[in-house]
Amino acid sequence: MKYDLENINARFGIGSKKWQEMKNNPLVDEKVIPFSVADMEFKLAPEITEGLKKFIDENILGYAGTNKKYRESVCKWQQKHHDFTVDEKWLVETHSVVNAFFTAVKAFTQKGDGVMLFTPVYYPMYKAIEINQRKLVEIPLINNGMTYDIDWDLFTKKAKAIDTKMLILCSPHNPCGRIWTREELTKISEICLANDILVVADEIHADLIMPGFKHVSYGTISKEALEHSIICTAPSKTFNLAGMQLSNVFIANENYRNLFKAEQATDADFACSILSYEACRLAYEYGEEWLTEVINIIDTNKKIIMDFMQEYFPQVKITQLQATYLLWLDFRAFNLTNEELEMRNRQKACLYFDEGYIFGKTFYVRAIHRRFFLCSLKSCYHQFIQIRNNFVDNMKKKVFITAYADDVCYLFKVLRSILSSNAIVGKEKHFYIIVKITNSDKYFILVHRHFA
Ligand SMILES: Cc1ncc(COP(=O)(O)O)c(C=O)c1O
């Protein structure tokens, strides 16, 4: 591995939203780890850090405007990674993707107009609709076990309603980790074009694609679909640059582009920071290798979690992760209320999640999902050991002790010889073993130091 994706920076006290918000909550204990706000704990790609240092050495940080090198890097990235041929003049900058879909709702719909969402979905999308007094038109996704699908009959019916004007499409989908296929996107575009519905495609997760899958940009579906859509992209999720506050929105239709910019201008003069343009350019020009390693780690961690859950909590349904670093798990089998599960997470497992119910009202009562962040091996390991401890007192009332080792296989042998008849050694895994001390209520979980 070329990059250091194991050591993480301490982020509390330096203005990290995720850490600060959690620590500000008096009900949350010191030890609790946040898995709420979606940024990764990985260190930045050194190509970005070193590039920014050089930039600061050579420049001052005055007012900034867009610049050619940045714009070219954005367009090239879309072409290379998503076969999306964009004209530089379509590119409109915003501070964030959330900001972009809020602006689109205000620019292209009126109070009372219907805006469709495939739910459950990223929660600020509800807010963009409700706070602007538009009408939420929900199309609940159908859960087909491992994955989620669109209810085409319902979608067609709702799209036909005279006051339905917009679809905010999360593609890839958060929280279901789903990539929409070209066939599905084509069908979506046909339904929307037939009913004069503008599609706002949030493609912020488009670069976080698991091996074996491919994101399809809505901009590549057809010329008509492109002309009737707003496509929101950003380097923020992909390269951990959310704090830079720069997103790249493609609006091919000149009329829409002007309306969007006019709405943007109602707030104040729009400007991004000089560092954000440079960070974006560095990421798109030099960050590809780092991203490949990050994706492989996410994929490995996903497999480890799935393995673990299958062994200890087979009743938890895990949605197939095709994209994003967010895993969607269904804990309904435990029959806990949202509040009970939340308290358990925070007080016993010492984990602070974005609980599943915030992603959709129809999921509020029964669907107790939670999202896992698949960021670094350490946090991944921590998550499931905590989950295990969380539920274990209920299951067996045993005490677990965690020990760390460099070579699990070696220690496994040593331990067996030392403890011999005193211990029953559980199944050996590639990263941990469970050892039970007979005639005692103690278990050891022996963990490879790499995961500790
Ligand atoms: C689907 C989706 N859109 C937008 C965002 C936030 O993006 P931004 O910080 O650019 O507003 C997130 C963050 O988790 C997301 O999952």
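Residues numbered from 1 in each chain as written. Predicted model: local features only at pLDDT ≥ 70, side-chain atom pairs only at ≥ 80, totals over all residues.

## Focus: the overall build of the chain
As a reminder, the rule being used: Under the scheme used here, helices are H or I runs from DSSP no shorter than 4 residues and strands are E runs no shorter than 2 residues, and both carry numbers assigned from the N terminus. Here the C-beta atoms are placed from the backbone, and a residue counts as buried if at least 20 other C-beta atoms lie within 10 Å of its own, exposed if 12 or fewer do, and partly exposed otherwise. Contact between two residues is assigned whenever their backbone-derived C-beta positions fall within 7 Å.
A count of helical and extended segments in the chain gives 15 helices and 18 strands. When the 452 residues of the chain are sorted by exposure, 40% land in the buried category. Residue pairs at least 24 apart in sequence account for 71% of intrachain contacts in the chain once pairs closer than 6 positions are excluded.

## Focus on the nonpolar core
Spelled out, the test is: Nonpolar cores are built from buried Ala, Val, Leu, Ile, Met, Phe, Trp, Tyr and Cys residues. These are joined into a set through C-beta atoms within 7 Å.
The biggest cluster of nonpolar side chains holds 96 residues, and the ones touching the most others in it are F101, V200 and C232. Ranked by residue count, the leading element in this core is helix α12 (residues 288-312), at eight residues. When near neighbours in sequence (up to four residues on either side) are disregarded, F101 contacts M125, A128, I168, V200, D202 and C232.

## What about the site of the ligand?
The condition is simple: We call a residue near a molecule or strand when the C-beta position, derived from backbone atoms, sits within 6 Å of it. Any residue that is not Ala, Val, Leu, Ile, Met, Phe, Trp, Tyr, Cys, Pro, Asp, Glu, Lys or Arg is counted as polar, Gly included; the first ten are nonpolar and the last four charged.
In the vicinity of the ligand lie 13 residues, with A38, S96, V97, V98 and N174 positioned nearest. Looking at the shell around the ligand residue by residue, the class counts come to eight nonpolar, four polar and one charged.

## What to know about unusual backbone geometry
With an omega of 5 degrees, the peptide bond between T119 and P120 qualifies as cis. Of note, P120 is situated in the loop between β3 (114-119) and α5 (124-131). A positive phi angle, near 55 degrees, is found at D196, a position not held by glycine. The residue D196 is located in the loop between α7 (182-194) and β8 (198-202) in this model. With a phi angle near 60 degrees, N240 is a residue other than glycine that sits in the positive phi range.

## Some details on the pairing of strand β9 (residues 229-233)
Cut-off, in case you're wondering: If DSSP finds at least two bridges between two strands, the strands pair.
Counting buried residues in β9 gives five out of five residues, a clear majority hidden from the surface. In β9, alternate side chains face the same way, and those of S229, I231 and T233 on one face and I230 and C232 on the other are all buried. Bridge count between β8 and β9: four bridges; the pairing is parallel. Looking across to β9, one finds that V199 is bridged to S229. In this structure, β9 lies alongside strand β10 (residues 247-250), joined through three bridges in antiparallel fashion. Across the sheet, the residue bridging to I231 is F250, located in β10.

## Focus: helix α10 (residues 254-264)
Keep this limit in mind: Note that the arc is computed from the directions linking the helix axis to the C-beta atoms.
Listing the buried residues of α10 in full gives Y256, F260 and Q264. Buried positions in α10, seen along its axis, are confined to an arc of 75 degrees and lie on one side of it. Set apart from the buried face of α10 by more than 90 degrees, the exposed residues are E254, N255, N258 and A262. In the core, the buried residues of α10 are packed alongside β2 (91-94), α4 (97-108) and β9.

## Let's talk about the sheet that holds β2
To keep it simple, the criterion reads: What counts as an axis is a line fitted to C-alpha atoms, over the stretch in contact for a helix, and the angles between N-to-C directions run from 0 to 180 degrees.
Spatial strand order, β2-β10-β9-β8-β7-β3-β4: seven strands in an open sheet with mixed pairing. Two strands bound the open sheet, and with one partner strand each, they are β2 and β4 (135-140). Direction aside, neighbouring strands of the sheet carry axes that sit 25 degrees apart on average.

## Section: the pairing of β4
Within a regular beta strand, the side chains point alternately toward one face of the sheet and then the other, so they alternate between its two faces. Basically, it comes down to this: Orient the strands so they point away from the viewer, and a crossover whose first-strand-to-second-strand path over the helix runs clockwise is right-handed.
Two strands pair when backbone bridges link them, and β3 and β4 are joined in this way by six bridges, in the parallel orientation. Among the inter-strand pairings, V115 is bridged to a residue of β4, identified as L136. With α5 bridging β3 and the parallel β4, this β-α-β connection has right-handed handedness.

## As for the environment of M40
Positionally, M40 belongs in the loop between β1 (33-35) and α2 (46-58). A residue is classified by how many C-beta atoms lie within 10 Å of it, and M40, with 23 of them, is buried. In the structure, M40 is positioned 199 residues away from F239 in sequence and 8.8 Å away in space, judged by C-alpha atoms.

## Let's talk about the packing of α2 against helix α11 (residues 274-286)
Selection rule: Note on terminology: angles under 35 degrees are roughly parallel, angles over 145 are roughly antiparallel, angles of 65 to 115 are roughly perpendicular, and the others are oblique. For a crossing to be left-handed, the near helix must be turned anticlockwise from the far one by less than a right angle; the clockwise case is right-handed.
With their axes 9 Å apart at the nearest point, α2 and α11 run at an angle of 140 degrees to one another. Relative to α11, the element α2 lies oblique. Our pair here, α2 against α11, has a crossing hand that is right-handed. Residues E47, I48, G51, L52 and F55 of α2 form the contact with α11, whose participating residues are L275, E278, A279, L282, A283 and Y286.

## Focus: the confidence of the model for the chain
What counts, and what does not: The predictor reports its confidence for every residue as pLDDT, a score running from 0 up to 100.
In the predicted model, the chain carries a mean pLDDT of 82, and the fraction of residues at 70 or more is 77%. Note that residues 362-369 has pLDDT below 50 and, in this model, 23 contacts with residues that lie over four places away or in other chains. Every residue in residues 417-431 scores below 50 in pLDDT, and together they form 25 contacts with partners more than four places removed in sequence or on other chains.

## With respect to the packing of α4 against α10
Look at α4 against α10: their axes get within 9 Å of each other, and the N-to-C directions meet at 110 degrees. As summarised for this structure, α4 and α10 are arranged roughly perpendicular, according to the angle between their axes. Across from T103, A104, K106, A107 and F108 in α4, the residues of α10 making contact are L259, F260, E263 and Q264.

## Remarks on the environment of S276
Relative to the helices and strands, S276 resides in helix α11. Residue class for S276 comes out buried when judged on the 22 C-beta atoms lying within 10 Å of it. Spatially, the C-alpha atoms of S276 and S247 are 9.4 Å apart, while their sequence positions differ by 29 residues. Once residues lying within four places of it in the same chain are set aside, the contact partners of S276 are M244, Q245 and L246.

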